[in-house]
Number of protein chains: 2
Amino acid sequence: MSPSVGLLTIGDELLNGSLTDTNSSIIAQRLAEIGLAVQEVRTLPDTISSIANGIREMTKSFDILILTGGLGSTIDDLTVAAVTKAFSRQSRLNESALQLIEEFCRKRGRPMHPRDRKSAEFPEGTSPLRNPCGTAPGLYLSTDAVELFALPGVPTEMLAILEESILPFLQQRFSLSRLEPERIVTLIGIAEPQVEEELTPLELPPDVTIAFGVSYPFVQLKLRAQGDGAATRLDQAVKTVSTYFNEKVVAFDKQTIAERTGELLRLSGKTLALAESCTGGLIAKLLTDAPGASDFLERGAITYANSAKADWLGVKQQILDQEGAVSSACAEAMAVGVRIAAGSDLGLSVTGVAGPDGGTDEKPVGTVYIGLSDGCKTTVLRHQFPGNRQQVRMRTACTALAMIQRHLGGAQT
Amino acid sequence: MSPSVGLLTIGDELLNGSLTDTNSSIIAQRLAEIGLAVQEVRTLPDTISSIANGIREMTKSFDILILTGGLGSTIDDLTVAAVTKAFSRQSRLNESALQLIEEFCRKRGRPMHPRDRKSAEFPEGTSPLRNPCGTAPGLYLSTDAVELFALPGVPTEMLAILEESILPFLQQRFSLSRLEPERIVTLIGIAEPQVEEELTPLELPPDVTIAFGVSYPFVQLKLRAQGDGAATRLDQAVKTVSTYFNEKVVAFDKQTIAERTGELLRLSGKTLALAESCTGGLIAKLLTDAPGASDFLERGAITYANSAKADWLGVKQQILDQEGAVSSACAEAMAVGVRIAAGSDLGLSVTGVAGPDGGTDEKPVGTVYIGLSDGCKTTVLRHQFPGNRQQVRMRTACTALAMIQRHLGGAQT
């Protein structure tokens, strides 16, 4: 049976609402990849007695206990003192820890501060874990009851020690094999219950399980498998699912919709220009979050004022007067206009009512026109998106990216 | 003495790393505003026995226990069953709960589903709490030992019940007075240790405490005070701090830097046009996140290709050839060019190397030029920002917004 794991996160800032604990979910993810499941997370304040009590209680229930936070040289770093107290040991200067700290300071080219020595005070019988990203080493203690690890709370330092020292050690200590990483298929334009219903009759390879994740405006399918041939079965399952959902598939695995769109543009050798109104630069921002967007993105226009639509995109005054800026005709003219201005292969346009104000009976908040022009033809789709301003904008941007993907022939993995 | 509070968050997805618990920090913040401090957060999986054990243990330690998650009508919603078990009660259909569910369905114009009745099964002696945003009501149980509340895990539903039912109840039950809300002063361009050092000699009103928050690229000062005249003392402290840090102050309280920039533009009656290269639309996106940006934002150009800088902004080929696109001369020409194209009062430009590639010895990754033109003169500042692509882009966008604020006469509250 797989060993049980508890996490203990330490810090007043986690309890007074000034900081959200993101470490626990990261640790849980990494442990899941080597087949370990976290059974409990407990968050306690910066006092020696509460931490020591927490350690004592959790040591009774779990084979592995991972502490984060309260490790370092300042006055509110009390984790080492609490471990010392919980196991009734003496604390003293640990030479290996001191060496690790000296090495880190040398690498950073800074002198060792007297208080850095505090980070080398360890309970007897414990060992330091090298911290590649910070001064304070982690701590490891093994008893008959528990394998205990204490890590700093700073996420980069925590993760560095976890990956360098703890995961490999646990894999060996408990003979764990790395699981086949889960595969993710990201869908847009379909709700979770609908996805669930449509998945049911699909024939997937044996022992592939599917979990759902919802991250607006996407539904993510997380496919998991273990054992012999897991990778092949997962490949097959991804293929079946993405063939079925076809144009709704906008990304795979850790890729974002914008990264996938950029990849498809790069593969096709096509260039793009953007004309954004209600998304106000969001589509361009998403495409340029990843490096290398200059391979395909020629330019973008954020045309809030009608004069900008007229000068830069050549939208005729007649369209603006008669149809209005939020109209199919305007979206079409914007897409064509930006493509011609940029000399790009594709022109994408967005115009709509993101809200909360500006809606009418005919074009309520959430009405959005998305246009795509490729020189041969221009397609404009009208959408009606629910939600608040932020949701309408994000849904619009992602739907526009999905439209580019479809145009480029989309879903094949 | 103030009653003690424990939070119990429930859900496998919180323990397997697929979801980060954001509810706890939100609840902790709201409770802090009425003077209640959370002493422990515990996260447990979706099994009746573990939840029931958690409830029993935490009931011994805390006067108030708030549960989130596992409330609803699906098979993995086990919180009510766990409360029933922990207190050895019988569960039965609660008429008030059923009424609340019927009322919600009626409001949403949907029929009641048979399984919705499951959400009305409550342990004896408990009361439902109205859920304005979802089907499942919250649960309240009062015993000699504890005031227990169970809420759904969906953040909007959790928060709605907390605010509507729980906070007012606790204020009355424990005679708590609402604390003076903390005041926030957001700074850019200065590191936390430097802020701390410079704050020390400043004379602040008595009993005003300052906590620090770091949210890249900002340092936030959180000023708190209690008792008589707290609001006046906080006003005075905010004034002292913002007068001292002056141009580094970019926002107050819950406002974002972009909202503050928009407010200053609106107050000044000035209009703005943007020419973004390395930020790729991020500045426009930040300004248009809040509604009403059309009051001051005329247009924006995302000029990745040099041809876009030439056509739309009138940047001379000579500048692009001799100085390059990442240069002071180019930033100046972009700011002037976009201002003239838009006919706006101000033109803001950004050009730089966001990385990870594209750096040279002379202009390494993180080199950014920001230009601001107002028709009388154009100022260009060269910056060298540390960090990865995302950090460089965000720091650049926020520094550019801060430059607009300074131009408009900035920091007065």
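Residues numbered from 1 in each chain as written. Chains lettered and ligands numbered in written order. Predicted model: local features only at pLDDT ≥ 70, side-chain atom pairs only at ≥ 80, totals over all residues.

Enquirer: How do you make sense of the pairing of strand 16 (residues 367–373) of chain B when you look at a structure like this?
Expert: Regular strands show a simple pattern: their side chains alternate between the two faces of the sheet. All names here are of chain B. For strand 16, a buried count of seven out of seven residues is recorded, marking the element as mostly surrounded by other parts of the structure. Burial along strand 16 is two-sided: Thr367, Tyr369, Gly371 and Ser373 and Val368, Ile370 and Leu372, pointing in opposite directions, are all buried. In the sheet, strand 15 (residues 346–352) pairs with strand 16 via six bridges, with the strands oriented antiparallel. Among the inter-strand pairings, Gly347 is bridged to a residue of strand 16, identified as Ser373. Remark: four residues form the turn of the hairpin made by strand 16 and strand 17 (residues 378–384), two consecutive strands paired antiparallel; Gly375 in that turn has positive phi of roughly 95 degrees. (Buried ≥ 20, exposed ≤ 12 C-beta atoms within 10 Å, placed from the backbone. Helix = DSSP H or I, 4+ residues; strand = E, 2+ residues; numbered from the N terminus. Pairing = 2+ DSSP bridges.)

Enquirer: Before we go on, may I ask you to explain the interface of chain B and chain A in this structure?
Expert: You'll often see interface size given as the accessible area lost when the parts meet. In this complex, chain B contributes 52 residues to the contact, which on the side of chain A involves 52 residues. Those elements that provide at least two residues to the side of chain B that touches chain A are helix 2 (23–33), strand 2 (38–44), helix 10 (282–289), strand 14 (297–303), helix 11 (306–313), helix 13 (328–342) and helix 14 (389–407) of chain B. Taken together, the residues of the side of chain B that touches chain A break down into 24 nonpolar, 18 polar and 10 charged. Sheet topology places strand 2 (residues 38–44) of chain A next to strand 2 of chain B; three bridges connect them, and they run antiparallel. (Contact = placed C-beta atoms within 7 Å. Nonpolar A, V, L, I, M, F, W, Y, C, P; charged D, E, K, R; others polar.)

Enquirer: Explain the pairing of strand 2 of chain A to me, please; I cannot follow it from the model alone.
Expert: Residues and elements named next belong to chain A. Of all seven residues in strand 2, seven are buried; the element is thus mostly enclosed. Two strands pair when backbone bridges link them, and strand 1 (residues 5–10) and strand 2 are joined in this way by six bridges, in the parallel orientation. The residue bridging Leu7 from the neighbouring strand is Val41, located in strand 2.

Enquirer: How should the sheet that holds strand 9 (residues 183–188) of chain B be read in this particular structure?
Expert: Sheet strands associate in pairs through backbone hydrogen bonding, adopting either a parallel or an antiparallel arrangement. Residues and elements named next belong to chain B. The strand order across the open sheet built from four strands is 10-11-9-12, with neighbouring strands paired in antiparallel fashion. Because the sheet does not close on itself, it has two edges, and the strands there are strand 10 (209–215) and strand 12 (249–252). On average, each strand axis in the sheet is tilted by 25 degrees relative to the strand beside it, whichever way the strands run. Strand direction decides the pairing type here: strand 9 and strand 12, joined by three bridges, are antiparallel. Bridge pairing in strand 12 links Thr186 to Ala251. Against the sheet, helix 8 (residues 230–245) touches strand 9, strand 11 (218–224) and strand 12, its axis set at about 5 degrees to strand 9. (Axes fitted to C-alpha atoms, helices over the stretch in contact; angles between N-to-C directions.)

Enquirer: I keep staring at the sheet that holds strand 2 of chain A and nothing clicks. Help me out?
Expert: Spatial strand order, 6(A)-7(A)-8(A)-3(A)-1(A)-2(A)-2(B)-1(B)-3(B)-8(B)-7(B)-6(B): 12 strands in an open sheet with mixed pairing. With partners counted over all chains shown, the strands left at the sheet margins are strand 6 (127–129) of chain A together with strand 6 (127–129) of chain B, one partner each. Sheet twist, expressed as the average angle between the axes of neighbouring strands with direction ignored, equals 20 degrees. Helix-sheet contacts for helix 3 (residues 48–61) of chain B involve strand 1 (5–10), strand 2 and strand 3 (64–68) of chain B, and the interaxial angle to strand 1 of chain B is about 175 degrees.

Enquirer: What is the right way to read the relation of the copies chain B and chain A from this model?
Expert: In screw terms, the move from chain B to chain A is a rotation of 180 degrees and a rise of 0.3 Å along the axis, fitting with an RMSD of 0.3 Å. Those values place the two copies in the arrangement expected of a two-fold rotation axis. (Least-squares fit on C-alpha atoms with pLDDT ≥ 70 in both.)

Enquirer: Help me understand the domain arrangement of chain A, please; the structure alone is not making it clear to me.
Expert: Domain annotation for chain A reports domain 1 (5–173), domain 2 (183–252) and domain 3 (257–407). Relative to domain 2 of chain A, the C-alpha centre of domain 1 of chain A lies at a distance of 37 Å. (Domains from an automatic or database assignment.)

Enquirer: I'm lost on helix 5 (residues 95–108) of chain A in this one. Help?
Expert: Residues and elements named next belong to chain A. Given a rise of 1.5 Å per residue, 14 residues ought to cover 20 Å, and the 20 Å separating the end C-alpha atoms of helix 5 matches this to within 8%. For helix 5, the full list of buried residues reads Ala97, Leu100, Ile101 and Phe104. The arc that holds every buried residue of helix 5, seen down its axis, measures 95 degrees, which confines them to one face. Residues of helix 5 that are exposed and point over 90 degrees away from its buried face: Glu95, Glu103 and Arg106. Against strand 5 (121–123) and strand 6 lie the buried residues of helix 5. A positive backbone phi angle near 65 degrees is found at Gly109, which sits one or two residues after helix 5. (Expected span 1.5 Å × (residues − 1). Arc of directions from axis to C-beta.)

Enquirer: Looking at this structure, I do not really get the packing of helix 11 of chain B against helix 13 of chain B. What am I missing?
Expert: When two helices pack together, their arrangement is captured by the angle between the axes and the distance separating the axes. All names here are of chain B. Where helix 11 meets helix 13, the closest approach of the two axes is 9 Å, and the angle between their N-to-C directions is 45 degrees. Relative to helix 13, helix 11 is oriented oblique. The residues of helix 13 that touch helix 11, namely those facing Lys309, Trp312 and Leu313, are Ala333, Met334, Gly337, Val338 and Ala341. Residues that form the contact of helix 11 with helix 13 fall into these classes: six nonpolar, one polar and one charged. (Parallel < 35°, antiparallel > 145°, perpendicular 65-115°, else oblique.)

Enquirer: I keep staring at the environment of B:Leu170 and nothing clicks. Help me out?
Expert: Residue and element names in this part refer to chain B. Position of Leu170 relative to the elements: it lies in helix 6 (residues 155–173). With 114 residues separating them along the chain, Leu170 and Ala284 place their C-alpha atoms 43 Å apart. With sequence-adjacent residues up to four places away left out, Leu170 is seen in contact with Ile34, Leu36, Ile64 and Leu176.

Enquirer: When you look at helix 9 (residues 257–268) of chain B in this model, what are you seeing that I'm missing?
Expert: Side chains that are three or four residues apart share a direction in an α-helix, a result of its 3.6 residues per turn. Residues and elements named next belong to chain B. Under the 1.5 Å per step criterion, the end-to-end length of helix 9 is 16 Å for 12 residues, consistent within 8% with the ideal 16 Å. Listed as buried for helix 9 are Ile257, Ala258, Arg260, Thr261, Gly262, Leu264 and Leu265. In this structure, the buried side of helix 9 is in contact with strand 9, strand 12, strand 13 (272–276), helix 10 and helix 14. Directly after helix 9, the chain includes Gly269, whose backbone phi takes a positive value near 70 degrees.

Enquirer: What is the right way to look at the environment of B:Ala301 in this model?
Expert: Along the polypeptide, B:Ala301 turns up in strand 14. Given 29 C-beta atoms within 10 Å, B:Ala301 falls into the buried group. Between the C-alpha atom of B:Ala301 and that of B:Leu313, which follows or precedes it by 12 residues, the distance is 8.3 Å. Dropping the residues within four chain positions of it, B:Ala301 is found in contact with A:Arg299, A:Ala301, B:Leu274, B:Ala275, B:Ala308, B:Trp312, B:Leu313 and B:Val338.

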